[in-house]
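The lines below spell out each chain.
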Protein chains: 2
Amino acid sequence: MPLPRTVTLLGATGSIGSSTADLLRRDPARYAVEAVTAHRDAAALARLARELGARFAVVAWVMAAITGAASLAPTLAAAERGATVALANKECLVCAGALFMRRAAANGATVLPVDSEHNAIFQALSAGRREDIRRIVLTASGGPFRTLPADAIRRVTVEQALKHPTWSMGPKVTIDSATLMNKGLELIEAHHLFALAPDALDVLVHPQSIVHGLVEFRDGSVIAQLGSPDMRIPISHCLAWPVRMGTPAPRLNLAQIASLSFEEPDLTRFPALAIARQVLAAGGAAPTVLNSANEVAVHEFVSGRLGFCGIPALVEATLAAAPRRGATDEPGSVEEALHIDHIARGLAADLLPEIAAMAC
Amino acid sequence: MPLPRTVTLLGATGSIGSSTADLLRRDPARYAVEAVTAHRDAAALARLARELGARFAVVAWVMAAITGAASLAPTLAAAERGATVALANKECLVCAGALFMRRAAANGATVLPVDSEHNAIFQALSAGRREDIRRIVLTASGGPFRTLPADAIRRVTVEQALKHPTWSMGPKVTIDSATLMNKGLELIEAHHLFALAPDALDVLVHPQSIVHGLVEFRDGSVIAQLGSPDMRIPISHCLAWPVRMGTPAPRLNLAQIASLSFEEPDLTRFPALAIARQVLAAGGAAPTVLNSANEVAVHEFVSGRLGFCGIPALVEATLAAAPRRGATDEPGSVEEALHIDHIARGLAADLLPEIAAMAC
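Procedures and definitions
Residues numbered from 1 in each chain as written. Chains lettered and ligands numbered in written order. Predicted model: local features only at pLDDT ≥ 70, side-chain atom pairs only at ≥ 80, totals over all residues. Heavy atoms only, no water. Helix = DSSP H or I, 4+ residues; strand = E, 2+ residues; numbered from the N terminus. Rg over C-alpha atoms; globule rule 2.2 N^0.38 Å. Buried < 20%, exposed > 50% of the residue type's maximum accessible area, 1.4 Å probe, protein only. Contact = heavy atoms within 4.5 Å. Areas by Shrake-Rupley, 256 points an atom, 1.4 Å probe, with all protein chains shown as cover. Lys, Arg positive; Asp, Glu negative; His and termini not counted. Charge placed at Lys NZ, Arg CZ, Asp CG, Glu CD. Arc of directions from axis to C-beta. pLDDT = per-residue confidence, 0-100. Buried area = accessible area lost by both parts, 1.4 Å probe. Salt bridge = Lys/Arg side-chain N within 4 Å of Asp/Glu carboxyl O. Polar contact = N/O pair within 3.5 Å; in protein donor to acceptor, adjacent residues only side chain to side chain. Core = buried A, V, L, I, M, F, W, Y, C linked by side-chain atoms within 4.5 Å. Least-squares fit on C-alpha atoms with pLDDT ≥ 70 in both. 1 Å grid on protein atoms, 1.4 Å probe; cavity = no way out; pocket = protein on both sides within 12 Å on 5 of 7 lines; lining within 4 Å. Points joined across faces, edges and corners; volume = space filled by probe spheres on them. Nonpolar A, V, L, I, M, F, W, Y, C, P; charged D, E, K, R; others polar.

## Remarks on the overall build of chain A
At step 1: Across its full length, chain A holds 15 helices and ten strands.
At step 2: Against the globule reference of 21 Å for 360 residues, chain A gives a C-alpha radius of gyration of 20 Å, in line with a compact fold.
At step 3: In terms of its C-alpha atoms, chain A occupies a principal-axis envelope of roughly 65 × 50 × 40 Å.
At step 4: Sorting the 360 residues of chain A into buried and exposed places 56% on the buried side.
At step 5: Of all intrachain contacts in chain A linking residues separated by at least 6 positions in sequence, the fraction that spans at least 24 positions is 71%.
At step 6: Working note: accessible area of chain A is about 14,700 Å², and carbon and sulfur atoms make up 55% of it.
At step 7: Positive and negative side-chain charges of chain A, numbering 32 and 34 respectively, have mean locations separated by a distance of 5 Å.

Structure representation (structure tokens):
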């Protein structure tokens, strides 16, 4: 019987945290839960800590609603301890990816991606050497407006945007999924996680969300990871890695699903993805600015102060203005990332009235 | 610059041989061709030998048309030398799989599957340990009669059966593909190649032949290999293994293909697959008998002496009668395999008139 693996769960009461707890609960002999943290829900955290036998439960009251920046410091600390970090949030890699991966490498930390698309790529990469990779492809559900004409997308309401066809997620990710910004952020993550050049990263729309990611090798072989859309699959992969554990996730039944479809993303109707690709190519402070401006834009859209097509417009305007406020270089520290974040949020707030007033 | 890899090509003028030669020709510095062999076409073999700079060219005139048995001895000899054997024919594994894999293991030989489905599984297996495998799935195009009603299948002509929707292959494999016996033989191969129990092996009909094989792990992850239907992809995988080489195979464009479909195989309309599954479970001499009886049946069908539905009927009758002629035990040597083959062929010939006269 091997020693139990010590687990610390940051953000334990969220959706990914709950799925993780579900898996830990099923195999208490194998996992020793050291600490659980949550941002707000102290009662749920206490319940979870008792249930999982956690030694510590920490409620981190974060003053500003900086989801991204809030996660950056503790995750970076884990990487600096040389831990195996199963990364479920985008912000570490989008806001400070180079910094994070550099510190992780320097301290011998292993970074495992929890996100279904990146986890799929991580799994598929085991079939070959990185020199033999031609490109990797992240799949996208296409969101609820995949088939909507451009003029209808302009009139999309908050209620419509909050309905995701496949995954049940928080409002921020759901809106990002509707604009396809989500996939843009994931491209930036993939760039850092897998140390691949922007032109080796692609997106393919796949509405059924069964094929989560693909790796194309130079010989023409494409290795893909498929699975029922159940986050316990990629989470379990990280928990048990480098081996695998049983999960209660529904088994994939391709004959029942009958058909998997694929199409190129439409960058005209979904400009957020095009913006993210430009940001990925530009590098420097742009990814951090993109992330912050998008957080502001989505918040303003959900609050009813910005139209759906105002989201990419506000992000684009913020990106254009950020260099003049000094946000040009890639952040070399958490403080620098927070500083760029601060500049970008200020700019986005300043630009909001003008963009909100524009007809897209 | 690493030393060139020494290659001996058995069956160099066939379809797989030609595709292999195409790849070798592109990278002459990397591969030193030791010998090429063919069964009949001496002129083509001589041309190929000069082109590839082969040291030896051998025409093996095989008296009986025992494709399977003909390949058994030289392939087994290669395995016994401890070579890396890229296996493109089914017969070694179907007729004498346990023997072949045992000898290969004892002599430190590496067996690489060239067949697109098995090569796909081989690639996908790198994503996990064998203890974590739930099952593997071989895909089948479904053949030209996939959507044909049962009564129409009964009246299928040789011309209709020789038209394969995706792959261009020899008549034997094309007919096997139309009866789905091909997939049954591949299940038996997979059982030996991957040392998996019959209930961990499945078949899924996938008409586009883009997903070649899938491995389902216990956590719910499914790893698949996809690619354009071009044999140079799996061949190159074997040639370059454990690394990968560039190939001129068309790149997979899923957006252009647009849709991949999947369905369960229909064992009522395609009884050959059901027979093969029973044979796989039975073991002993049954797989060898199956292979020989099927070779006879296909030959008789192509010659116009047996109806399409007579193929599985003749195989089934031969399997039922074989134990009474002493064909019961798994062959422990090439000689024993040849002996079972001989019994089965004799039996099939004896049973032919009766089966051919039956209305299916």
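That covers the picture; the talk isn't over yet.
## A look at helix H2 (residues 42-52) of chain A
Residues and elements named next belong to chain A.
At step 1: Taken together, the buried positions of H2 are occupied by Ala44, Leu45, Leu48, Ala49 and Leu52. Down the axis of H2, the sector holding all buried residues measures 135 degrees, keeping them to one side. H2 presents Arg47 and Arg50 as exposed residues on the side facing more than 90 degrees away from its buried surface.
At step 2: For H2, the elements touching its buried residues are helix H1 (15-26), strand E2 (31-38) and strand E3 (56-59).
At step 3: Downstream of H2 by one or two residues, Gly53 has phi in the positive range, about 65 degrees.

## Some words on the confidence of the model for chain A
Residues and elements named next belong to chain A.
At step 1: Of the residues in chain A, 95% have a pLDDT of 70 or more, and the chain-wide mean is 93.
At step 2: Long-range and interchain partners of residues 62-66, a stretch whose pLDDT sits below 50, account for five contacts in this model, where long-range means more than four residues apart.
At step 3: Across the whole predicted complex the pTM is 0.95, and at the interface the ipTM reaches 0.94.

## Points about the interface of chain B and chain A
At step 1: Taken together, the 43 residues of chain B in the interface contact 43 residues of chain A.
At step 2: At the boundary of chain B with chain A, total buried surface from both sides reaches about 3,600 Å², with 49% on carbon and sulfur atoms.
At step 3: When the area that chain B buries against chain A is broken down by residue, the three leading residues are B:Asp219, B:Arg244 and B:Arg251, summing to 20%.
At step 4: The interface formed by chain B and chain A contains four salt bridges.
At step 5: Inspection of the chain B/chain A interface yields 23 residue pairs in polar contact (both at pLDDT 80 or more).
At step 6: The set of elements that each furnish at least two residues to the side of chain B that touches chain A consists of strand E6 (133-140), strand E8 (211-217), strand E9 (222-226), helix H10 (232-240), helix H11 (254-257) and strand E10 (259-261) of chain B.

## Some remarks on unusual backbone geometry
All names here are of chain A.
At step 1: Here the residue pair Trp241 and Pro242 is connected by a cis peptide bond, since its omega of 10 degrees sits within 30 degrees of zero.
At step 2: By the element assignment, Pro242 lies in the loop between helix H10 (232-240) and helix H11 (254-257).
At step 3: Unusually for a residue other than glycine, Ala195 sits at a positive phi of about 50 degrees.

## Brief notes about the nonpolar core
At step 1: Ranked by internal contacts, the top residues of the largest apolar core, which has 163 residues, are A:Leu290 and B:Leu290.
At step 2: For B:Leu290, the contacting residues outside a window of four places in its chain are B:Met181, B:Leu185, B:Ile188, B:Ile275, B:Ala276, B:Val279, B:Val315 and B:Leu319.

## Considerations on the environment of A:Thr318
All names here are of chain A.
At step 1: Of note, Thr318 is situated in helix H14 (residues 310-321).
At step 2: By relative accessible area, Thr318 is classed as buried at 0%.
At step 3: For the pair formed by Thr318 and Ala348, sequence separation is 30 residues and the distance between their alpha carbons is 5.6 Å.
At step 4: In contact with Thr318, not counting residues within four places along its chain, are Val289, Ala293, Ala344, Leu347, Ala348 and Leu351.

## Some remarks on the relation of the copies chain B and chain A
At step 1: Its rotation angle being 180 degrees, the transformation that places chain B on chain A also includes 0.0 Å of axial translation and leaves an RMSD of 0.0 Å. Look at the turn and shift together and you get a two-fold axis relating the two.
At step 2: By residue overlap, the copies meet face to face through one surface: 100% of the interface positions of chain B are interface positions in chain A.

## Considering empty space enclosed by the protein
To locate leftover empty space, one rolls a probe as large as a water molecule over the atoms.
Residues and elements named next belong to chain B.
At step 1: Applying the stated criterion across every chain, the model contains five cavities of 30 Å³ or more.
At step 2: For the largest cavity, the calculated volume is near 50 Å³.
At step 3: Forming the boundary of the largest cavity are Leu87, Ala88, Asn89, Lys90, Leu93, Pro113, Asp115, His118, Glu189 and Leu193.
At step 4: For the lining of the largest cavity, the per-class residue count stands at five nonpolar, two polar and three charged.

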